[in-house]
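Examination of the molecular architecture
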Amino acid sequence: MRTIDDFTRPLEYLSPMDAPLRKVVREWADNEVIPHRRKFDEDYEEHKLIEPAFDKLMGEYGMQRVLFPSDLGGWGMGGSNYFATAAYMLCEEVSRADSGMGVAFAVVHWPLLLICVEPHVNRELCEEFAPIFCSTTKARFAANAMTEPQGGADIENMDIVRGSTIQTTAVLDGDEWVINGHKLWPTNSGGVCDLFGVVCTTRAGSNDPDDFAFIFVPADTPGVTQGPPYQKAGMAADKNGDIWFENVRVPRPYRAHGPGEDLKYFKEMVALGNTMSVAFAGGALLNVYERLYEFVTETTYKGQPLKEHDAVAGVLADIATDIEVIRVVGYQNARMLDRTDLYGPRWGEELVAKSRAYKYYTCDRAMDVTGKAMNLLSNYGADRDWDIEKHWRDLKIVQLWLGGKQLGQAEVARFFFDLETV
Amino acid sequence: MSEHEIFPCMYEWLTDMDVSLAGNLRRWADNEVMARRLELKESYEQLLEPAMRQLFLEIGLQRLLWPEKYGGDGHNSPKAAVTMVAALEQVSRGDTSIALLLSSMWALQSCMAMEGKENHEACEAFAELFGSQDTLAITSLVLPLFRDEPQARAKLAKGAWSVEAKSARPLASGADAAVFGVLCSGAGSDIPGDEVCVIALPAAAKGIKRGKPFLKTGMAADRNAPVSFDKAKAPEGLCVARGLEACRGMLSWLYLGVAASTVGALFAAYEILKEWGDNRVIKGKGQTFKNNPLTSSVMAEVAREISVSRMLTCDLGRVLSEPGIYGPAGEEGNFVLAEMVANTVTLSAEKAIGGAMEMMASAGYATEWNLERYWRDTKTLQVCLGPYELAKMDYARYFYQSEAR
Ligand SMILES: Cc1cc2nc3c(=O)[nH]c(=O)nc-3n(C[C@H](O)[C@H](O)[C@H](O)COP(=O)(O)OP(=O)(O)OC[C@H]3O[C@@H](n4cnc5c(N)ncnc54)[C@H](O)[C@@H]3O)c2cc1C
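On a predicted model such as this, the values are computed, not experimentally measured, just so you know. (Residues numbered from 1 in each chain as written. Chains lettered and ligands numbered in written order. Predicted model: local features only at pLDDT ≥ 70, side-chain atom pairs only at ≥ 80, totals over all residues. Heavy atoms only, no water.)

1. Considerations on a positive patch on the surface
- Among the surface-exposed residues, B:Arg153, B:Lys155, B:Lys231 and B:Lys233 lie close enough to one another that they form a single positively charged patch.
- Looking at the positive patch, the elements with two or more residues in it are β2 (152-157) and β7 (227-235) of chain B. (Patch = residues over 30% accessible without salt bridge, like charges linked within 9 Å, V, L, I, M, F, W, Y side chains within 5 Å. Areas by Shrake-Rupley, 256 points an atom, 1.4 Å probe, with all protein chains shown as cover. Salt bridge = Lys/Arg side-chain N within 4 Å of Asp/Glu carboxyl O. Lys, Arg positive; Asp, Glu negative; His and termini not counted. Charge placed at Lys NZ, Arg CZ, Asp CG, Glu CD. Helix = DSSP H or I, 4+ residues; strand = E, 2+ residues; numbered from the N terminus.)

Right, here's the structure in full:
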């Protein structure tokens, strides 16, 4: 019998930790998440079911420590040359169970990327924040606060807009940054966040890259208020809400790197965000395959398993082909981010544009695949019992976030066709 | 011109009553659902029961297509197909799940109460329910999940039908139904495919066992649950459709309802997207969404899907309303047309509302903006039609005399 492991991964460049980590996460997914996930939607505010699973994965197993240097209690993956490939595998496996958990898990590491990953480790900040994540067996959350009420896509459109629409300000007052602004939607907000990475401007309206600032703000700093989680179409395991920063004061060194550098490495966050979005979708699709396999095998039509119907088989082939291609593309993209010696810096125009291309291609295919799978299930397609509708609801936001398809199209066209104004 | 009138349909087919009904239902949707859903955003379900009571009982939609003689308003002629489109568009704009419940009810009524072909025994049996001023006539259809394989079996003995099915999955409302319309095999015809029938079973009939309501993608007004029929008995006259053509007649009406409900949801999506496109600015471009070529091209495609879907649905309504010109609703060509229109419109809706969500990004995904509700509900309408791959076998049979099943 075929399984999800029959979908190809480029075996010659998997990370050395691939096999043991995969086993642990798959078992966790099968035991701690999959049996409970049908009740997650009703648990979106309290996370009574979701929290214990997070605690196990991130706190007990220590997955929230992976990027930090080993001497600070971490696993040192930020200094390895395989962190993107390893991260891809982890995000894929978590998302197979629940892509909302996949994104919540990944975003813990997202702002930390800026300070924990070579070649731009900020040792001082690693030391400052390692205790939050490395000295506990409870899940701890970080969030990347970019989006603002007037729009998220513009803020992520760094090459054209260059931070000029950011309204959250950071003003230096002596040895402290004073931050004021209103953010919304970050993954791991809605009351759970421990550490924010906040996208700010040091001069409102400026498009000078030097004025783009990425500043860390512990969530318990006076002046930080988190609103309750929003209700949304899916992704219950990811809490999202408003955050208000009112005269929030943090030490000057909490700025990730400084003028020019913050924007540079923020682009790396965008590249990684897109690549991991492929992993969220790819992982969920592996589970769509598993559930669909079961359905079309068990269900009979004209005295045969549904899958033996020629026309149905045609759709099954299309679904499998998309999953196969997405997996190969996703691992390839992760590998490109690891081999910067061959593909250029992770914050470079090329990798940023290409990761956007892979992300929006994948998401379009993923919506099509899950939609078709739901359709094959007839009325059961809309029942939570078959899980496919859950993946369909969850994955829609993967398609929409990070500036949506249109920003992706703009950047891809700009890169490949040398556009100047789009 | 109201927002949705810019999507053309054949107005000359609408009667004055259709137009006035549509106007009333538009007000119902605005006042009873759309205005209140913000205030009840945490518990949307709470607004549904009163809104449905108003719609089914006070406005009286459960009596509309029911014969006067049996307590209805007497619009029980094929012409009601056009009325049904006009009504469901408006109801679904407010709430698509309520429109599905109405579609199921009208589909069942169409095969027991059509003028000149009334099944008097059935009309008598259900007069109290459909003519009621205080009981909601929630109707649950139990249809084949996979094309022509019914979930239930019926047997006629000693002047009564006995219906058998184990854990059948109704189209909707398994938990709340006052009446079940069960499409069964076993009607006893020698003609292959013709041995099907629809039995109307009052919910109080012995041998009906409902399972626990299950969770699903959307359709808030529909509390669905698996239903078992353990030799559930109905008098012979409650067989309201017998043979393939009669059963297909009911399905054609249902598919019309599904298409019209989808169009109504598309109107709602259009209004939400239009407001967004008029006001939201892509700051980096200094343009509103509707004025940016890339986003306006997506918005344009949304409008194209809505326009064409509405036109197709109205045409189908017209076809079913004029059996004198086009033949009975259950004739193979009309049935296939109805199936095609419903499939095309629901596939269009998936694309259009998905595209609208792209434009609105996180706002499109948030419950507060309501767009995502229509996305979930219209996808549910699509899967209600069964797998598209199997529907295509019906098309191939009709157009190419294909024997593929
Ligand atoms: C579950 C979830 C998790 C999220 N996680 C995070 C997070 O961790 N951190 C965070 O900061 N935000 C997060 N967001 C917000 C998300 O990233 C933004 O919603 C998204 O980037 C778009 O921003 P917006 O919603 O403000 O829409 P807008 O910025 O108004 O964009 C809407 C649409 O405009 C189009 N568009 C964008 N740019 C252009 C252009 N240049 N030309 C033409 N069209 C364009 C695209 O179609 C886009 O979808 C999350 C949202 C959700 C729902």
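2. Focus: the packing of aromatic side chains
- Summed over all chains, the structure comprises 29 aromatic pairs over all chains.
- Between A:Tyr289 and A:Tyr293, the aromatic rings sit 5.9 Å apart at their centres with planes inclined by 65 degrees, giving edge-to-face as the arrangement. Residue A:Tyr289 and its partner A:Tyr293 are located together in helix α9 (residues 261-298), separated by four residues, close to a single helical turn.
- Here A:Tyr293 falls in the partly exposed class, since its relative accessible area comes to 23%.
- Taking the centre distance of 4.9 Å and the plane angle of 85 degrees together, the rings of B:Phe7 and B:Tyr270 count as edge-to-face. Residue B:Phe7 is located in the segment before α1 (16-34), and its partner B:Tyr270 is located in helix α7 (residues 244-279); the two are separated by 263 residues in the primary sequence.
- Residue class for B:Phe7 comes out buried when judged on its relative accessible area of 3%.
- Put simply, the rings of A:Phe129, A:Phe212, A:Phe214, A:Phe216, A:Tyr254 and A:Phe266 pair up and form one aromatic cluster.
- A:Lys307 extends its terminal NZ or CZ atom over the ring of A:Tyr293, reaching a point 4.8 Å from the ring centre. (Phe/Tyr/Trp six-rings, centres within 6.5 Å; stacked < 30°, edge-to-face > 60°. Buried < 20%, exposed > 50% of the residue type's maximum accessible area, 1.4 Å probe, protein only. Lys NZ or Arg CZ within 6 Å of the ring centre and 35° of its normal.)

3. Some details on the environment of A:Met367
- With respect to the helices and strands, A:Met367 occurs in helix α12 (residues 349-376).
- Given the relative accessible area of 9%, A:Met367 is considered buried.
- For the pair A:Met367 and A:Leu285, spaced 82 residues apart in sequence, the C-alpha to C-alpha distance is 9.7 Å.
- Setting aside anything within four residues of it in sequence, one finds A:Met367 in contact with A:Trp392, A:Leu395, A:Lys396, A:Gln399 and B:Trp375. (Contact = heavy atoms within 4.5 Å.)

4. Digging into the packing of α12(A) against helix α11 (residues 371-384) of chain B
- Interhelical geometry of α12(A) versus α11(B) gives an angle of 45 degrees and a closest axis separation of 9 Å. Between α12(A) and α11(B), the crossing angle belongs to the class labelled oblique. Where α12(A) approaches α11(B), its residues A:Met367, A:Gly371, A:Met374 and A:Asn375 are matched on the opposing element by B:Trp375, B:Lys379, B:Gln382 and B:Val383.
- A per-class count over the contact of α12(A) with α11(B) returns four nonpolar, three polar and one charged. (Axes fitted to C-alpha atoms, helices over the stretch in contact; angles between N-to-C directions. Parallel < 35°, antiparallel > 145°, perpendicular 65-115°, else oblique. Nonpolar A, V, L, I, M, F, W, Y, C, P; charged D, E, K, R; others polar.)

5. With respect to the interface of chain B and chain A
- Counting residues at the interface gives 48 residues for chain B and 54 residues for chain A.
- Counting the surface lost from both chain B and chain A, the interface buries some 4,400 Å², and carbon and sulfur atoms represent 58% of this.
- In this structure, the connection of chain B to chain A is made through two salt bridges.
- Partitioned by chemical class, the residues of the side of chain B that touches chain A number 22 nonpolar, nine polar and 17 charged. (Buried area = accessible area lost by both parts, 1.4 Å probe.)

6. Focus on the pairing of strand β5 (residues 196-202) of chain B
All names here are of chain B.
- With six of seven residues buried, β5 is to be regarded as a mostly interior element.
- In this structure, strand β4 (residues 179-185) lies alongside β5, joined through seven bridges in antiparallel fashion. By the bridge assignment for β5, Gly181 is matched with Ala200.
- Judged from the three bridges that link them, β5 and strand β8 (residues 239-242) form a sheet pairing that is antiparallel. In the strand pairing of β8, Ile199 is matched with Cys239. (Pairing = 2+ DSSP bridges.)

7. Comments concerning the nonpolar core
- Counting residues in hydrophobic clusters, the biggest one holds 283 residues, and the most contacted among them are A:Phe196, B:Leu201 and B:Phe229.
- Leave out the neighbours within four places in its chain, and B:Phe229 touches B:Val142, B:Val163, B:Glu164, B:Ala165, B:Phe180, B:Val182, B:Leu201, B:Gly207 and B:Ile208. (Core = buried A, V, L, I, M, F, W, Y, C linked by side-chain atoms within 4.5 Å.)

8. Some points on the site of the ligand
- In the neighbourhood of the ligand, 34 residues make up the surrounding shell, with A:Thr147, A:Gly152, A:Gln406, B:Glu358 and B:Ser362 lying closest.
- Note that a nitrogen atom of the ligand is positioned 2.8 Å from one of the backbone N or O atoms of A:Asn144.
- The separation between an oxygen atom of the ligand and a polar main-chain atom of A:Leu402 is 3.5 Å.
- Burial of the ligand by the surrounding chains reaches 97%, relative to a free accessible area of 980 Å². (Near = heavy atom within 4 Å. Polar contact = N/O pair within 3.5 Å; in protein donor to acceptor, adjacent residues only side chain to side chain.)

9. Here we look at unusual backbone geometry
- Cis peptide bonds are those with omega within 30 degrees of zero, and the linkage from A:Glu118 to A:Pro119 qualifies with 10 degrees.
- Examined against the element boundaries, A:Pro119 turns out to sit in the loop between α5 (113-116) and α6 (123-134).
- Despite not being glycine, A:Leu402 shows a phi value in the positive range, around 55 degrees.
- For A:Leu402, the location among the structural elements is in the loop between α13 (388-400) and α14 (404-417).
- Among the residues examined, A:Leu402 registers a relative accessible area of 7% and is labelled buried.
- Positive phi is not limited to glycine here, since B:Ser167 has a value of about 45 degrees.
- Using a relative accessible area of 47% as the deciding quantity, one classes B:Ser167 as partly exposed.

10. Describing the pairing of β2(B)
Residues and elements named next belong to chain B.
- Sheet topology note: the β2/β4 ladder contains two bridges and is parallel. Residue pairing in the sheet places Ala152 in a bridge with Cys184 of β4.
- Looking at chain direction, β2 and strand β3 (residues 160-168) are connected through five bridges and run antiparallel. By the bridge assignment, Lys155 is partnered in β3 with Ser162.
- A loop of two residues connects β2 with β3, the two strands running antiparallel in sequence, and Lys158 in this loop sits at a positive phi of about 50 degrees.

11. Quick word on the domain arrangement of chain B
Residue and element names in this part refer to chain B.
- Considered domain by domain, chain B is made up of domain 1 (3-130), domain 2 (139-243) and domain 3 (245-400).
- Between domain 2 and domain 3, the buried area comes to about 1,400 Å², and carbon and sulfur atoms account for 73% of it.
- On inspection of domain 2 and its partner domain 3, the count reaches one salt bridge.
- A salt bridge links Asp394 to Arg147, with the shortest nitrogen-to-oxygen separation between them at 2.7 Å.
- Counting across the interface, domain 2 meets domain 3 through seven residue pairs in polar contact (both at pLDDT 80 or more).
- If you list the elements that add at least two residues to the side of domain 2 that touches domain 3, you get β5 and β8.
- No other element matches the three residues that β5 contributes to the side of domain 2 that touches domain 3. (Domains from an automatic or database assignment.)

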